[in-house]
2 protein chains.
Amino acid sequence: MRILIDGFGGDHAPDEVIQGAADAVREYGVEVTLVGDERILRERMKVLGVEPRGLSIHHAPEVVPMEAEPASVLKQYPESSLVKGLELLRDGGGDVFVSAGSTGALMVAATLIVKRMKGVARAAIATPIPTNAPAGMTLLLDSGANVECRPEMLAGFGIMGSVYMRRIAGLERPRVGLINVGTEETKGTETLKAAHRLLGEAPVHFVGNVEAREFPLGGCDVAVTDGLVGNVMLKLTEGWGKAFSDMIKEMFMASGKSKLAALLVKDGIRAFKARLDYTEHGGAPLLGLRRPVIKAHGSSNAKAFKNAIRQAKGFAGGEIIAEIEGAIAALKQAAPEGEH
Amino acid sequence: MRILIDGFGGDHAPDEVIQGAADAVREYGVEVTLVGDERILRERMKVLGVEPRGLSIHHAPEVVPMEAEPASVLKQYPESSLVKGLELLRDGGGDVFVSAGSTGALMVAATLIVKRMKGVARAAIATPIPTNAPAGMTLLLDSGANVECRPEMLAGFGIMGSVYMRRIAGLERPRVGLINVGTEETKGTETLKAAHRLLGEAPVHFVGNVEAREFPLGGCDVAVTDGLVGNVMLKLTEGWGKAFSDMIKEMFMASGKSKLAALLVKDGIRAFKARLDYTEHGGAPLLGLRRPVIKAHGSSNAKAFKNAIRQAKGFAGGEIIAEIEGAIAALKQAAPEGEH
């Protein structure tokens, strides 16, 4: 299997990308192609002392800046690592593409280059968030690509997320929940009510509306929302994680006595941190495209890139995309377009 | 000043309501009317050993059950403590009404009985949430009454929240933020873009779009959202609070060593808990009505009711409603109806 990775995406590119890729080659037995400026990549590999075994380079002289307007990336940065990597994926030069670059740019470029699969109205960003659910995380989608969604898009997210979690997290029957203001099926907007009906007919284990309070507590394995609510949930979760971590740090740093306490529970603190660590669960798959693409966290370090590559291996090898296509087609038959 | 309080709202009614009311009479020099079944209230006061000084009772033989359909409360429970209390408020029998009953029922009944103020399209539930903002909390509105909102409703929420926070929390220029998926004014739905324009013209200190990540960190004093996003934020915050508290408990209860650590930082743990304690900031005002109404938390104990009464005193005494009416009128002039 060949993993393609954007050598110039994220805050710590290219060094941490290179290191993570090298570690992944060694640990997971995959081949990795780093996409980016060949001269720079070779030079940094030498500086980092990284062996080229299992690693190759696909040249792309440009870099997409974080502030680039997603819609114009293809025109403005045709030679970028992002665009070149996606083209290589489309053309069969690799099995999956990983990038820690701008989410918006990746989503737009991937949709234009790799294209959506048949029957999928919109692709979604599916972010794994650490929760008390059995997999240690809940997949939240859409977490930001589509601020407004029609009911059939939301139903599609449920199907895609369910297949992904079954295949990747090994859950037999992932519990798919629709994030809403109450558990009764009469709650929420007309869109949410219609999505509730569609999900009830879809080939997933639909557990109905789920209130956001239950999300951290593991109330579902796949949380379906539009990209506005999903993005707010993702970022609010990040914010509370930061706020709580700061509070705990403050608590333990207050005095000599509290510093001693920190020593006594240092394993507990480590476990606490590990549980909130996004790098453990890899990146966010873009679901609904014809080939697998993964968005790694912008602040990914080598370990996070390595985990994203492990996840990419599962995504590429699991026939997930073929299965999603089949499930979407089944939904279409159950509820033909235009009915809702 | 006379505070009216629903004697039969909340999980711990009527005992904790009575106790909280008695404590408030003593501490804040207000008079309190308990609304509810007179015989039961008198009996419980006797059992609790509560002095009737400063306390009176307004008889209402019925109780609205939590599962009651909000829209039918007026017809089905005309003699309930909720309905009778709101009627008493409307008729001048008190200056403010506090209830820990069902949020939906309170909002619908209050809108029908007390009525919305002139120029306000929809009343909102404004929930104070503990954050790192200067007031120790951020006012989140709407936190659940209106799942879909037009731009002028969102602008109205910003104005109402701003006046409330200036008067109640004593902030000179409360920072009003619009919760959105990014900070640029081009982000989000058409509704959010239009609301951004309206808030920019409104008589408030508008700080623009605020990402949910900044909410816990104190990025604004008033967070404006529709009731769907607001409700998700409120409940997700509750969920993470619970999840983090459980994790900390687990960390400190793991072993003898960790229990010793807990002793060493017990002041810190207490401060941590206090910071997450909803009772510190009282209840959620319903903003946009002609008379002040406060929704206390359903699980309120005596201390929470006492704090809600303190807050009610400020709400009733602060000419907040008159000021909101003036500000809304100013917005209407700047952006006449139908323009957006």
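Residues numbered from 1 in each chain as written. Chains lettered and ligands numbered in written order. Predicted model: local features only at pLDDT ≥ 70, side-chain atom pairs only at ≥ 80, totals over all residues. Heavy atoms only, no water.

**Observations regarding the pairing of strand β2 (residues 31–36) of chain A**
All names here are of chain A. Within β2, five of the six residues are buried, which leaves the element mostly enclosed by the surrounding structure. In terms of strand pairing, strand β1 (residues 2–6) meets β2 through five bridges, oriented parallel. Each residue of the ladder has a partner; that of Leu4, found in β2, is Thr33. Handedness of the β1-helix α1 (residues 15–28)-β2 crossover: right-handed. Direction of pairing for β2 relative to strand β3 (residues 55–59): parallel, over a ladder of five bridges. Within β3, the residue paired with Gly36 across the bridge is His59. Between the parallel elements β2 and β3, the chain passes through helix α2 (residues 38–48) in a crossover that is right-handed. (Buried < 20%, exposed > 50% of the residue type's maximum accessible area, 1.4 Å probe, protein only. Helix = DSSP H or I, 4+ residues; strand = E, 2+ residues; numbered from the N terminus. Pairing = 2+ DSSP bridges. Right-handed = clockwise from strand over helix to strand, strands pointing away.)

**Some remarks on the sheet that holds strand β12 (residues 293–295) of chain A**
Judged by pairing direction, the sheet is mixed, and its seven strands sit side by side in the order β3-β2-β1-β4-β12-β11-β5 (chain A) without closing on themselves. Each of the sheet's edge strands pairs with one partner strand only, and the pair in question is β3 and β5 (124–125) of chain A.

**Focus: empty space enclosed by the protein**
Tallying each qualifying case throughout the model produces three cavities of 30 Å³ or more. Each pocket or cavity is described by its volume, and for the second largest cavity that value is around 60 Å³. Forming the walls of the second largest cavity are Pro130, Thr131, Asn132, Gly136, Arg275 and Leu276 of chain A together with Trp240 and Met247 of chain B. For the lining of the second largest cavity, the elements supplying multiple residues, two or more each, are α10 (266–276) of chain A together with α8 (227–253) of chain B. Here the lining of the second largest cavity is composed, by residue class, of four nonpolar, three polar and one charged. (1 Å grid on protein atoms, 1.4 Å probe; cavity = no way out; pocket = protein on both sides within 12 Å on 5 of 7 lines; lining within 4 Å. Points joined across faces, edges and corners; volume = space filled by probe spheres on them. Nonpolar A, V, L, I, M, F, W, Y, C, P; charged D, E, K, R; others polar.)

**Some points on the packing of aromatic side chains**
Using the criterion set out here, one finds eight aromatic pairs over all chains in the structure. Their ring planes at 35° and their centres at 5.5 Å tell us that Trp240 of chain A and Phe244 of chain A sit as a pair that is tilted. Here Phe244 of chain A and Trp240 of chain A lie together in helix α8 (residues 227–253), a separation of four residues that amounts to about one turn. Here Trp240 of chain A matches Phe244 of chain A in class, with each residue buried. One aromatic cluster is present, formed by Trp240, Phe244 and Phe272 of chain A together with Trp240, Phe244 and Phe272 of chain B through successive ring pairs. (Phe/Tyr/Trp six-rings, centres within 6.5 Å; stacked < 30°, edge-to-face > 60°.)

**Overview of the interface of chain A and chain B**
Facing 48 residues of chain A, the contacting portion of chain B comprises 48 residues. Buried area between chain A and chain B, both sides added, is near 4,500 Å², and the carbon and sulfur share of it is 81%. Run the count over chain A and chain B and you get four salt bridges. The shortest N-O distance in the salt bridge between Glu238 of chain B and Arg213 of chain A comes to 3.6 Å. (Contact = heavy atoms within 4.5 Å. Buried area = accessible area lost by both parts, 1.4 Å probe. Salt bridge = Lys/Arg side-chain N within 4 Å of Asp/Glu carboxyl O.)

**Side note on the sheet that holds strand β11 (residues 284–287) of chain B**
Residue and element names in this part refer to chain B. Taken in spatial order, the seven strands line up as β3-β2-β1-β4-β12-β11-β5 in an open sheet, and their pairing is mixed. Each edge of the open sheet carries a strand with a single partner, namely β3 (55–59) and β5 (124–125). One ladder, built from two bridges, connects β5 with β11; its direction is antiparallel. Counterpart to Ile125 in the pairing with β11 is Leu286. Sitting on the sheet, helix α6 (residues 151–169) is in contact with β5 and β11, with an inclination near 130° to β11. (Axes fitted to C-alpha atoms, helices over the stretch in contact; angles between N-to-C directions.)

**Re the relation of the copies chain A and chain B**
Superposition of chain A onto chain B requires a rotation of 180° combined with a translation of 0.0 Å along the rotation axis, giving an RMSD of 0.0 Å. Interpreted geometrically, this transformation is the action of a two-fold axis. The C-alpha atom lying nearest the rotation axis in chain A is that of Ala261 of chain A; the distance is 2.1 Å. A high fraction, 100%, of the interface residues of chain A reappear at the interface in chain B, so the copies pair face to face through one surface. (Least-squares fit on C-alpha atoms with pLDDT ≥ 70 in both.)

**Overview of the pattern of salt bridges**
All names here are of chain A. Summed over all chains, the structure comprises 38 salt bridges over all chains. Between Glu27 and Lys306 there is a salt bridge whose closest N-O contact spans 3.1 Å. Highlighted residues: Glu27 in helix α1 and Lys306 in helix α11 (residues 302–317), separated in sequence by 279 residues. Residue Lys306 is classed as buried on the basis of its relative accessible area of 15%. Each of Arg166, Arg167 and Glu323 takes part in salt bridges that share partners, so that together they form one network.

**Topic: the side chain of Thr111 of chain B**
Take Thr111 of chain B: it is sitting in helix α5 (residues 103–113). Setting aside its immediate chain neighbours within four residues, Thr111 of chain B contacts Arg116 and Leu289 of chain B.

**Topic: helix α4 (residues 81–90) of chain A**
One turn of an α-helix holds 3.6 residues; hence residues three or four places apart share an orientation. All names here are of chain A. Where burial is concerned, most of α4 is hidden: seven out of the 10 residues are buried. Taken together, the buried positions of α4 are Ser81, Leu82, Val83, Gly85, Leu86, Leu88 and Leu89. Backbone geometry just downstream of α4 places Gly92 in the positive-phi region, at approximately 85°.

**Here we look at the packing of α8 of chain A against α8 of chain B**
One way to put it is that α8 of chain A packs onto α8 of chain B with a least axis distance of 10 Å and a crossing angle of 35°. Viewed along their axes, α8 of chain A and α8 of chain B form a crossing whose handedness is right-handed. Of the residues in α8 of chain B, those touching α8 of chain A at Leu228, Val229, Val232, Met233, Leu236, Thr237, Trp240, Gly241, Phe244, Ile248, Met251 and Phe252 of chain A are Leu228, Val229, Val232, Met233, Leu236, Thr237, Trp240, Gly241, Phe244, Ile248, Met251 and Phe252 of chain B. A breakdown of the residues in the contact of α8 of chain A with α8 of chain B according to their chemical character gives 20 nonpolar, four polar and no charged. (Left-handed = near helix turned anticlockwise from the far one by under 90°.)

**Observations regarding the environment of Ile269 of chain A**
With respect to the helices and strands, Ile269 of chain A occurs in helix α10. Discounting residues that sit within four places of it in the chain, Ile269 of chain A has contacts with Phe252 and Ala262 of chain A together with Met251 of chain B.

**As for the side chain of Ser99 of chain A**
Residue and element names in this part refer to chain A. Following the sequence through the fold, Ser99 ends up in strand β4 (residues 96–99). Among the polar contacts listed, one links the side chain of Ser99 to the side chain of Asp6, at a separation of 2.8 Å. In contact with Ser99, other than residues within four places in its own chain, are Asp6, Leu82, Leu106, Ile294, Lys295 and Ala296. (Polar contact = N/O pair within 3.5 Å; in protein donor to acceptor, adjacent residues only side chain to side chain.)

**Brief notes about the confidence of the model for chain A**
It should be kept in mind that the predicted coordinates are not to be read in detail where pLDDT is low. Mean pLDDT over chain A stands at 93; residues scoring 70 or higher make up 98%. The ipTM value of the predicted complex is 0.93, and its pTM value is 0.94. (pLDDT = per-residue confidence, 0-100.)

**Things to note about unusual backbone geometry**
Following Ala13 of chain B, the chain continues into Pro14 of chain B via a peptide bond in cis, with omega recorded as -5°. For Pro14 of chain B, the location among the structural elements is in the loop between β1 (2–6) and α1 (15–28). A cis amide bond, omega 0°, links Leu141 of chain B with the succeeding residue Asp142 of chain B. Mapped onto the secondary structure, Asp142 of chain B falls in the loop between β7 (137–141) and α6. Even without glycine at this site, Lys115 of chain A takes up a positive phi of about 75°. Relative to the elements of secondary structure, Lys115 of chain A occurs in the loop between α5 (103–113) and β5.

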